[in-house]
Amino acid sequence: YDNIIVDSSPEGGNGKIAIIKMNRPKALNALNDELFTDLIHATTAINNDTNVRCLILTGSTSKAFAAGADISEMKDKNFEDVYRNDMFAEWQEISKRSTSTPIIAAISGYCLGGGNELAMMCDIMVCTKNAKFGQPEINLGIIPGAGGTQRLTRMIGKSKSMYMSLTGDFMDANEAYTSGLVAKVYDDHDELIKESIQIANKVASKGSISLRACKEAINAADELSLQEGLRLERRLFHSLFATDDQKEGMAAFLEKRPANFK
Ligand code: HXC
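What counts, and at which threshold
- Residues numbered from 1 in each chain as written.
- Predicted model: local features only at pLDDT ≥ 70, side-chain atom pairs only at ≥ 80, totals over all residues.
- Heavy atoms only, no water.
- UniProt positions renumbered as here; feature names shortened; annotations may be inferred.
- Buried < 20%, exposed > 50% of the residue type's maximum accessible area, 1.4 Å probe, protein only.
- Helix = DSSP H or I, 4+ residues; strand = E, 2+ residues; numbered from the N terminus.
- Pairing = 2+ DSSP bridges.
- Right-handed = clockwise from strand over helix to strand, strands pointing away.
- Lys, Arg positive; Asp, Glu negative; His and termini not counted.
- Salt bridge = Lys/Arg side-chain N within 4 Å of Asp/Glu carboxyl O.
- Polar contact = N/O pair within 3.5 Å; in protein donor to acceptor, adjacent residues only side chain to side chain.
- Contact = heavy atoms within 4.5 Å.

Looking at an unreviewed UniProt entry, one finds the chain named Enoyl-CoA hydratase/isomerase, with Fragilariopsis cylindrus CCMP1102 as its source organism. Database annotation for the chain, UniProt heading Sequence similarities (unreviewed entry): "Belongs to the enoyl-CoA hydratase/isomerase family."

**Observations regarding the pairing of strand β2 (residues 17-22)**
Counting buried residues in β2 gives five out of six residues, a clear majority hidden from the surface. In terms of strand pairing, strand β1 (residues 4-7) meets β2 through four bridges, oriented antiparallel. Residue pairing in the sheet places V6 in a bridge with I20 of β2. In terms of strand pairing, β2 meets strand β3 (residues 54-59) through six bridges, oriented parallel. Bridged to I17 within β3 is C54. In this fold, β2 hands off to helix α1 (residues 33-48), which returns the chain to β3; that crossover is right-handed.

**Topic: the side chain of E137**
Mapped onto the elements of the fold, E137 is located in the loop between β8 (132-134) and α5 (151-156). Notably, E137 is buried but unbridged: the nearest opposite-charge side chain belongs to R151, and the N-O separation is 11 Å. A distance of 3.2 Å separates the side chain of E137 from the side chain of Q135, its partner in a polar contact. Ignoring sequence-local partners within four residues, the contact set of E137 consists of G113, G114, E117, I142, I143 and P144.

Structure, rendered in structure tokens:
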């Protein structure tokens, strides 16, 4: 790949995790077509690899996760171009709907516009103290186009979401943490990567079918009524009794030993 770095056996990993680093540092990882094509290809391959149980998506430097969609690529497009090609519809490929492997977004520095939307398509967001989140599209005469008005509102509530998208102001790591946008905050990029690998190792040590079922059930909470969601959860819960992992997990508990999920 020209625009991303894929590490399928990162140092400190337990052999069941992979890392994708977005790598256009000079443009703060602005998400152009080429980068996104690379990302979809690599994510799909990892999703189809049953040995990989957790993926980390990050930036290659501490300065940016991604500063948004590539403005120079969008500048001259007109309505017909973007409508006819349904611009950014392909981003849904990365989203939790179609990628069943859990994805951790490990964020240092700028996480803006399409970059923040991409992070929110992942499953767990963690960041460094220097992370800055924003939906500054309003400054360009547009609005968020890949989930910024929808996922962000569900994650941090209407008032903060409106504030970010109407003013274009950035949110710092501390506020992102207290708002529930990120799960953890780390001191710097090195610690972020080290700790993200530890989280990924922990996730990857669980049963692969239960991980995927859990991801499916939690993501359904965005879309279903409570009754429908509870029913889906219960059915997925029931289905796990058809797996070896349920037998192993419960036997291991009663035998007072660690579970060995296959
Ligand atoms: C293209 C970008 C870019 C972007 C940064 N660069 N963001 N290029 N698209 N989104 C480039 C700059 O042009 C510059 O290139 C280099 O990266 C370094 O950026 P600087 O601005 O010089 O750095 P700095 O002064 O540190 O400011 C950092 C920044 C600023 C605050 C992040 O770059 C910025 O405001 N970027 C735009 C953020 C943004 O508006 N994102 C939303 C995009 S729209 P040169 O060649 O000059 O060195 C969007 C729509 C999504 O995402 C719709 C659905 C997917």
